[in-house]
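Structural overview
Here is what each chain is made of, one letter per residue.
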Amino acid sequence: MATDGGRAPGEVVRLALAQIDCALGDVAENARRVRQALAAPTARSADIVVFPELTLTGYSLGHVGEDVSRAVADAEIADLATETDRTAFVVGFAEAGQVHTYNSAVYVEGGRVLHLHRKLYLPNYDIWEERKHFTPGSAMRAFDTGFGRMAILLCSDAWQPALAALAVQDGARVLIVPANSTVRRPDIEEQWRDITRFYARMFQLFVVFVNRVGSEGELHFWGGSHVVDPWGEIIAEAPPNAEHLLTVDIDLKDVRRRRRDIPLVKEARLGLINREVERLLDEGGDL
């Protein structure tokens, strides 16, 4: 549930959803916008600020001539971390690995990177061509923060329910979903709300969806960032098509309360699932 009063450490977490526009291919400008958002009084009062997918580069990298990928240790990431050590945040970027480039997001807390998630499912259909620019990640992990255990799914990762199930069984009580969702499909806003509400209700956790706004050529990003509670109710939502910094308090005790009332998560039967997955793999079920 959303709360307005005092916050008990380790129980109530104040989130800020930074629904911003990005400058395509301009890492320095986008880093400036991140700093500006983090410096806002609303963000400074938050425990965690969440930015959209590929915040530091924009989305349409096929239209960018130069290499805008950055390693985690590069200044654009490292400086953001050390300059904002009083606020935790999640920010997306094109990651320069030793060989490959990844669509990644980092969770930063206490002036250092605590977790790196590399997008696992890269859309490569219709107008989407992420597989041309990025290599898929190879791991799905929840991670500990000073505010509870969480996990990140980047945009189309959230269209694969098995990933959310893995994150929950790995202990996540908050699922963070940075996105670059566009109005390419007329019912996309309804579809995203169906997905986030389903995960929140069935996996009994908080889901934090943060989408960007603005345009890149024929791509128009619609915003609509929102938070869903473990009962599947949207408790806070940003307006569409406009930059907005939305704050909401979530009480992580609600996760345990909900899972105790209806114990869906503890009935996962991972051994059964593992046996059936191994059978499907033996039958040629992997790509």
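Attention in this report is confined to the structure presented alongside it. Owing to the predicted nature of the structure, the values given are computational and were not obtained by experimental measurement.

Some words on the packing of aromatic side chains
In total, this model carries seven aromatic pairs according to the counting rule given. Ring geometry for W159 against W192: centres 5.7 Å apart, planes inclined by 90°, an arrangement best described as edge-to-face. Of this pair, W159 sits in the loop between β7 (148-152) and α5 (161-169) while W192 sits in helix α6 (residues 188-203), and the two are 33 residues apart along the sequence. Among the residues examined, W159 registers a relative accessible area of 38% and is labelled partly exposed. With centroids separated by 5.7 Å and ring planes inclined at 35°, the aromatic side chains of Y199 and F203 adopt a geometry described as tilted. With Y199 and F203 both in helix α6, this residue pair falls four residues apart, about one helical turn. F203 sits in the buried class, given a relative accessible area of 17%. Among the aromatic side chains, those forming a connected cluster through ring pairs are W159, W192, F209 and W222.

A short note on the environment of V248
Residue placement: V248 occurs in strand β14 (residues 244-251). By relative accessible area, V248 is classed as buried at 5%. Along the chain, V248 and V227 lie 21 residues apart, while their C-alpha atoms are 8.1 Å from each other.

Points about unusual backbone geometry
For C155, which is not glycine, the phi torsion reads 45° and is therefore positive. Examined against the element boundaries, C155 turns out to sit in the loop between β7 and α5. Taking relative accessible area as the criterion, C155 reaches 10% and is therefore assigned buried. In this structure, R269 is a non-glycine residue whose phi angle is positive, near 55°. Classification of R269 as exposed rests on a relative accessible area of 55%.

Reading the values: the criteria
- Residues numbered from 1 in each chain as written.
- Predicted model: local features only at pLDDT ≥ 70, side-chain atom pairs only at ≥ 80, totals over all residues.
- Heavy atoms only, no water.
- Phe/Tyr/Trp six-rings, centres within 6.5 Å; stacked < 30°, edge-to-face > 60°.
- Helix = DSSP H or I, 4+ residues; strand = E, 2+ residues; numbered from the N terminus.
- Buried < 20%, exposed > 50% of the residue type's maximum accessible area, 1.4 Å probe, protein only.

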